Amino acid sequence: MELIPAPSSVDTPGGQAFVLDEGTKITGGRGTWRVVDWLRTTVGTATGLPLWPSEDGEGLRIRLWIAPPLADELGSREAYRLTVDGQGVAIVGASEAGVFHGAQTFRQLLGPDAFRRAPVSSRRSWEVPAVVIHDAPRFRWRGLMLDVARHFMPKEGVLRYLDLMAAHKLNVFHLHLTDDQGWRIRIERHPRLTEVGSWRARTKFGHRASPLWEEKPHGGYYTQDDIREIVAYAAARHITVVPEIDVPGHSQAAIAAYPELGNTDVLTASIAGGTALSVWDSWGISPNVLAPTDNTLRFYEGVFEEVLELFPADAAEFSAFIHVGGDECPKDQWRASPAAQARMKELGLADEDELQSWFIRHFAKWLSARGRRLIGWDEILEGGLAEGAAVSSWRGYGGGIAAARAGHEVVMCPEQHVYLDHRQADGADEPVPIGFVRTLEDVYRFEPVPPGLDASEAGRVLGTQANVWTEVMENHARVDYQAFPRLAAFAEVAWSALPAPEQRDFAAFEHRMAAHYRRLDALGVAYRPPTGPLPWQRRPGVPGRPIDGPPPNR
Ligand code: ACM
């Protein structure tokens, strides 16, 4: 059946196939209308068939309904059973999310043209062989992080990525909204964050050592209605959006907009050279970090107040989470700043690492008082972390192991395995090659659960996430190239009950990928072909930073 991600079980009992045609009707049980709507607007539009509603049970039908006991039977509230025979199609889910995943599988059974937005032939009937599929995810958190700060992705592109995620049964969209190079979310009470912070005058083209510049302004941001639309569009596809507002590092765009957020006593003297700081136009880790003042805390509480309203906690499992970054915060300014040193003394903090921890704990408590949960990159473990906070383990397995052992929930996204900005082959024609070579097969053999955890510690691994950092991805075709096909392998790692890495059948996965490439073609995804980049996917002469040899195991 060439399904991706592979379902838990597929039985082909033989017997009559189902034929989808102009007479096919849909019946949706209570709580499934959004899935019915999705089927009509995707499969209905692609096939040109009306998929009429049917209340009376007449005729060949696609039936959708929710049966909560399926969660116990198959071990997940996202489980579904899909039955196709000559009489019709039954998609039953343990929840609406389960029904939605079943509908996604059904679309794959129809063939690649079911992924288009209009019919491409006069064909009026579509055959699906008889099958019974039982399916449930291995992990609850199946994430994709997209960095829209380094290069902005306009709203339409984000909605498209949500559709691509849903097609791969991914369910958490970690939206990296702020960084040194741009602030991408409108905050009404602090308008300069987007007026000043959402654009830069020019951009380094390639790795930071590259001599090239894109000599034109780059920018953009989401209005609050854009964000509401993104969140609702995601929710209709059973995806939770977890926003990231990075503190106390990666904050230069905010400091450019509101200089008092920075360490003004050292900033002016030694770093900005007496001139105003601007949104950063190059890459790396900026030394300009937030000042540990009450003003900074109140300012960001104001930001988070608006963020909490835009990303409400609801029935969705991970909707309480707010990501606060917390990674790569250089301590040089705090060391050099008499004001920061005085603050540390006042707070009784021994060193700058404790100051970083103080920052994060403040927001962990602030969020928890509002019924929300903090999640941050694994640096937030340094100096101790508030109860209830969760960790994105990016520097390797170590952060995940430490977090799980300390009782924190953890999302595994180690850079050595699932940073999709890293090059996917070592040829000289890979566009702006950075990092380690991480092939499709490498990603397919990634094991999210760190070694050495006992069962209760392993139970704290919520799941896994692929991260797409966009320094060298200037448009959505470049994002597609880096993300695909590897995101399909990642989706199978996150969803399917695969054996240990060395026992995984990569040849069988590649065989199914042959069918999946046709689906990606129909969806208009500019993936990296197995034979290497197409001429227009290359970036000759734009320096990257390849790293040779095996990745460090941090
Ligand atoms: C990170 O890659 N700095 C989280």
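Scroll up for the structure.
Figured I'd write up the structure that's included with this text. Keep in mind the model is a prediction, meaning the values are calculated, not measured.

### Considering empty space enclosed by the protein
Per the stated rule, a full pass over the model turns up one cavity of 30 Å³ or more. Taken together, the residues that form the lining of the largest cavity break down as five nonpolar, two polar and three charged.

### Points about helix 17 (residues 476–483)
Within helix 17, six of the eight residues are buried, leaving the element largely enclosed by the surrounding structure. Among the residues making up helix 17, those that are buried are Arg-478, Val-479, Asp-480, Tyr-481, Gln-482 and Ala-483. Each element contacted by the buried residues of helix 17 is listed here: strand 10 (141–147), helix 4 (155–167), strand 24 (461–468) and helix 18 (486–495). Here helix 17 starts with a cap whose side-chain oxygen sits 3.1 Å from the backbone nitrogen of Ala-477, and that cap is Asn-475.

### Overview of the environment of His-218
Along the chain, His-218 falls in strand 17 (residues 218–219). Residue His-218 is classed as buried on the basis of its relative accessible area, which comes to 16%. Between the alpha carbons of His-218 and Val-132 there is a distance of 50 Å; along the sequence they are 86 residues apart. For His-218, the residues in contact, after removing those within four places along its chain, are Arg-150, His-151, Phe-152, Arg-184, Ser-198, Trp-199, Arg-200 and Thr-203. A distance of 3.0 Å separates the side chain of His-218 from the backbone nitrogen of Phe-152, its partner in a polar contact.

### What to know about the pattern of salt bridges
Two side chains bearing opposite charge may form a pair once their charged atoms approach each other closely. Per the stated rule, a full pass over the model turns up 37 salt bridges. Arg-140 serves as the salt-bridge partner of Glu-317, at 2.8 Å between the closest nitrogen and oxygen. Linking Glu-317 in the loop between helix 9 (294–310) and strand 19 (321–325) with Arg-140 in the loop between strand 9 (131–135) and strand 10, this pair joins segments that are 177 residues apart in sequence. Of the residues examined, Glu-317 reaches a relative accessible area of 39% and is grouped as partly exposed.

### Re the packing of aromatic side chains
Within this structure, the stated rule accounts for 21 aromatic pairs. Judged by centre distance (4.9 Å) and plane angle (40°), the ring pair of Tyr-517 and Tyr-527 falls under tilted. Taken as a pair, Tyr-517 in helix 19 (residues 506–523) and Tyr-527 in the loop between helix 19 and strand 25 (545–546) lie far apart in primary sequence, 10 residues in all. Pair check on accessibility: Tyr-517 and Tyr-527 agree, each one buried. Ring-pair connections join several aromatic residues into one group, and the members of that group are Trp-183, Tyr-258, Phe-299 and Tyr-300. Seen from the ring of Trp-126, Arg-123 lies directly overhead, with NZ or CZ sitting 3.7 Å from the centre. The ring of Trp-213 carries Arg-202 above its face, with NZ or CZ at 3.4 Å from the centroid.

### With respect to helix 19
Helix length check: helix 19, at 18 residues, gives a terminal C-alpha distance of 24 Å against a target of 26 Å (1.5 Å per residue), a fit within 8%. Where helix 19 bends most, the angle comes to about 35°, and this point is Ala-514. Within helix 19, burial applies to Phe-506, Phe-509, Arg-512, Met-513, Ala-515, His-516, Tyr-517, Arg-519, Leu-520 and Ala-522. The inward-facing, buried residues of helix 19 abut helix 3 (96–110), helix 15 (440–444) and helix 18.

### As for the side chain of Ser-251
With respect to the helices and strands, the residue Ser-251 is situated in the loop between strand 18 (240–247) and helix 7 (252–257). Classification of Ser-251 as buried rests on a relative accessible area of 2%. Engagement of the side chain of Ser-251 in a polar contact is seen with the backbone oxygen of Gly-249, the distance being 2.7 Å. Ser-251 has contacts with Asp-180, Asp-246, Asn-288, Leu-290 and Tyr-300, leaving out every residue within four places of it along the chain.

### Focus on the layout of surface pockets
A probe as big as a water molecule, rolled over the atoms, marks out the empty space that is left. For the largest pocket, the calculated volume is near 730 Å³. Lining the largest pocket are 29 residues, and of these Glu-328, Glu-415, Asp-421, Glu-471 and Arg-545 lie nearest its centre. Looking at the lining of the largest pocket residue by residue, the classes come out as 10 nonpolar, seven polar and 12 charged.

### Points about the nonpolar core
General note: in soluble globular proteins, nonpolar side chains tend to be found buried as a group. Ranked by size, the top nonpolar core spans 147 residues in total, and within it Trp-183, Ile-185 and Tyr-300 carry the most contacts. In terms of nonpolar packing, the next biggest core, distinct from the first, is built from nine residues, Val-172, Val-242, Ile-375 and Val-411 among them.

Quick notes on the rules
- Residues numbered from 1 in each chain as written.
- Predicted model: local features only at pLDDT ≥ 70, side-chain atom pairs only at ≥ 80, totals over all residues.
- Heavy atoms only, no water.
- 1 Å grid on protein atoms, 1.4 Å probe; cavity = no way out; pocket = protein on both sides within 12 Å on 5 of 7 lines; lining within 4 Å.
- Points joined across faces, edges and corners; volume = space filled by probe spheres on them.
- Nonpolar A, V, L, I, M, F, W, Y, C, P; charged D, E, K, R; others polar.
- Buried < 20%, exposed > 50% of the residue type's maximum accessible area, 1.4 Å probe, protein only.
- Helix = DSSP H or I, 4+ residues; strand = E, 2+ residues; numbered from the N terminus.
- Contact = heavy atoms within 4.5 Å.
- Polar contact = N/O pair within 3.5 Å; in protein donor to acceptor, adjacent residues only side chain to side chain.
- Salt bridge = Lys/Arg side-chain N within 4 Å of Asp/Glu carboxyl O.
- Phe/Tyr/Trp six-rings, centres within 6.5 Å; stacked < 30°, edge-to-face > 60°.
- Lys NZ or Arg CZ within 6 Å of the ring centre and 35° of its normal.
- Expected span 1.5 Å × (residues − 1).
- Bend = angle between axes of the 7 residues up to and from the residue.
- Core = buried A, V, L, I, M, F, W, Y, C linked by side-chain atoms within 4.5 Å.

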